[in-house]
Amino acid sequence: MVYSGRFTVSTRGNDDMLDITGSVEQVLLESGVVNGIATVFVVGSTAAITTIEYESGLKQDMATLLERLIPRDAPYAHEARWHDDNGHSHLRASLLGPSLTIPIVSGRMTLGAWQQIVLLDFDTRPRTRTVHVQIIGE
């Protein structure tokens, strides 16, 4: 069986991190799948999906890490080419990736006690993001 669901979230951009675990769980419940896998995918080249312990310290640490790796104010060929300001946004999103696959066992995602699914929006402005969840299983 294959079940596809989706939801949207509003973000503030600029490294905004949102806990989307509950929304993904809702799609899983709607699917009726008991055992299988769920793929969570965000549409757009300046956003990413990953897992983290969603708490203020780690949210700040993630932003600090990404600023060290891919500084906001560095020169980017993308910005020179398109005369915009989000070259770092594309690179940060590419580093983390747009999707995540999670095993489903006995009707539940196999997340750890302190592990949440998060969407990170790296663009330089607020956005509405569409998240697709495709569940394959029985």
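The structure displayed is predicted, hence computed values, not measured ones. Just so you know, the residues in each chain are numbered from 1, in the order the chain's sequence is written. Owing to the predicted nature of the model, reporting of local features is limited to residues with pLDDT of at least 70; listing and counting of side-chain atom pairs is limited to 80 or more, with chain, interface and lining totals taken over all residues. In computing side-chain properties, one takes all heavy atoms of the structure into account and sets aside hydrogens as well as water.

Engineer: Looking at this structure, how should I read the overall build of the protein?
Structural biologist: Check the secondary structure of the protein and you find four helices and eight strands. When the helices and strands of the protein are read in sequence order from the N terminus, they spell out β-β-α-β-β-α-α-α-β-β-β-β. Its C-alpha atoms give the protein a radius of gyration of 16 Å, near enough to 14 Å, the size a compact globule of 138 residues would have. On the principal axes, the C-alpha backbone points of the protein span a range of 50 × 30 × 20 Å. Accessibility here uses a 1.4 Å probe with only protein chains present; expressed as a share of the type maximum, an area under 20% marks a residue as buried, one over 50% as exposed, and anything in between as partly exposed. Counting all 138 residues of the protein, 39% fall into the buried class. Starting at the N terminus, helices and strands are each numbered in turn, a helix being any DSSP run of H or I of at least four residues and a strand any DSSP run of E of at least two. Radius of gyration: C-alpha atoms only; globule rule: 2.2 Å multiplied by the number of residues to the exponent 0.38.

Engineer: Looking at this structure, I do not really get the side chain of Asp15. What am I missing?
Structural biologist: Mapped onto the elements, Asp15 comes out in the loop between strand S1 (2-11) and strand S2 (16-19). Any N or O atom pair separated by 3.5 Å or less is treated as a polar contact, with the protein-specific requirement of one donor-capable and one acceptor-capable atom, and with residues adjacent in sequence counted only for side-chain atom pairs. In this structure the side chain of Asp15 is engaged in a polar contact, spanning 3.1 Å, whose partner is the side chain of Arg72. A distance of 2.8 Å separates a polar atom in the side chain of Asp15 from a polar atom in the side chain of Arg92. In what follows, a contact means two residues having at least one pair of non-hydrogen atoms within 4.5 Å. Beyond its immediate stretch of four places on either side in the chain, Asp15 contacts Ala63, Arg72, Arg92, Asp121 and Phe122.

Engineer: It is not clear to me how the sheet that holds strand S7 (residues 116-121) should be interpreted in this structure. Could you clarify?
Structural biologist: Sheet strands pair via backbone hydrogen bonds, and the direction of the pair is either parallel or antiparallel. Following DSSP output, two strands are said to pair if at least two bridges run between them. Read from one edge to the other, the open sheet built from three strands follows the order S2-S7-S4, with strand pairing classed as antiparallel. In the strand order of this sheet, the two ends are held by S2 and strand S4 (47-52), each with one partner. With strand direction ignored, the average angle separating the axes of adjacent strands in the sheet is 30°. In terms of strand pairing, S2 meets S7 through four bridges, oriented antiparallel. In the sheet register, Asp16 faces S7, and the bridge partner there is Asp121. The axes used here are C-alpha line fits, helices contributing only the stretch in contact, and every angle between their N-to-C directions lies in the interval 0 to 180 degrees.

Engineer: Looking at this structure, I do not really get helix H2 (residues 56-69). What am I missing?
Structural biologist: It helps to recall that an α-helix has 3.6 residues per turn; residues three or four apart then point in one direction. A helix's residues, less one, multiplied by 1.5 Å, set its expected span. The end-to-end C-alpha separation of H2 is 20 Å, in line with the 20 Å expected for 14 residues at 1.5 Å each. You can read the cap of H2 off the contacts: a side-chain oxygen lies 2.7 Å from the backbone nitrogen of Gly57, and it is on Glu55.

Engineer: What is the right way to read the environment of Pro126 from this model?
Structural biologist: Looking at the secondary structure, you find Pro126 in the loop between S7 and strand S8 (127-137). Considered as a pair, Pro126 and Gly13 are 113 residues apart in the sequence and their alpha carbons are 4.7 Å apart. Look past the residues within four positions of Pro126 in its chain and what remains in contact with it is Thr11, Arg12 and Gly13.

Engineer: How do you make sense of unusual backbone geometry when you look at a structure like this?
Structural biologist: Excluding glycine, residues mostly carry a negative phi; peptide bonds, for their part, are mostly trans. At Asn14, a position not held by glycine, the phi torsion is positive, near 55°. Among the structural elements, Asn14 can be located in the loop between S1 and S2. A residue is classified by how much of its surface remains accessible, and Asn14, at 37% relative accessible area, is partly exposed. Even without being a glycine, Asp15 presents a positive backbone phi close to 75°.

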